[in-house]
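# Close look at the chain arrangement
Here is how the chains run, residue by residue.
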Amino acid sequence: IWIYLFGAISIVTSIVGIYGGYIDGSFFYSEFPEIAWKNNLVKHLAGMWASKNLAIVIIMLYAFLKKDMKSLAFIFLFKFISDTPDILFVNTTYREGVSASWTTNIVSWLILALPSLLSFIHLNKSKSFSDE
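Since this is a predicted model, take the numbers as computed values, not measurements. (Residues numbered from 1 in each chain as written. Predicted model: local features only at pLDDT ≥ 70, side-chain atom pairs only at ≥ 80, totals over all residues. Heavy atoms only, no water.)

## Looking at the pattern of salt bridges
Enumeration according to the criterion identifies 3 salt bridges in this entry. The closest approach of N and O atoms between D83 and K52, which form a salt bridge, is 3.6 Å. Note that D83 is positioned in helix α3 (residues 69-94) and K52 in helix α2 (residues 40-66), a separation of 31 residues in sequence. D83 gets classed as buried once you look at its relative accessible area, which sits at 12%. Its relative accessible area of 16% is what places K52 among the buried residues. One salt bridge in this structure joins K52 and D86, with 3.5 Å as the shortest N-O distance. Of the two residues, K52 sits in helix α2 while D86 sits in helix α3, which places them 34 residues apart along the sequence. Put simply, K52, K79, D83 and D86 are held in one network by salt bridges that share partners. (Salt bridge = Lys/Arg side-chain N within 4 Å of Asp/Glu carboxyl O. Helix = DSSP H or I, 4+ residues; strand = E, 2+ residues; numbered from the N terminus. Buried < 20%, exposed > 50% of the residue type's maximum accessible area, 1.4 Å probe, protein only.)

So this is what it looks like as structure tokens:
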């Protein structure tokens, strides 16, 4: 049950990431001037981030609907691998103020990234995973 709950949270946070990447980047990074979001490189990078989140939502929904534990396990592993450097390196390197504090980033990592790894490990060890 906790995997379904965390999966639902992951889908919701990815939808927010899609919004922040495709529609309004300042939603997440309000400390950057509005002019920065008009820069083509920034738009491109935000779009890539949103595309990653779109793929996560699509694969997670597919995995949940089809009860495909292998796909679900590997999307959780992907989330862990991609979220860890974003939370622990990118945020602390490129953001200023409270967002850049290690405490905030560690808490974010504990809530968003670590459960992805634990979900992967749990699903990888489960009987339903090895029976497929």
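## A word on the packing of helix α4 (residues 102-112) against helix α5 (residues 114-125)
The N-to-C vectors of α4 and α5 enclose an angle of 25°; their axes lie 4 Å apart at closest approach. The angle between α4 and α5 falls in the class roughly parallel. Contacts from W109, L110, I111 and L112 of α4 reach α5 at L114, P115 and S116. (Axes fitted to C-alpha atoms, helices over the stretch in contact; angles between N-to-C directions. Parallel < 35°, antiparallel > 145°, perpendicular 65-115°, else oblique. Contact = heavy atoms within 4.5 Å.)

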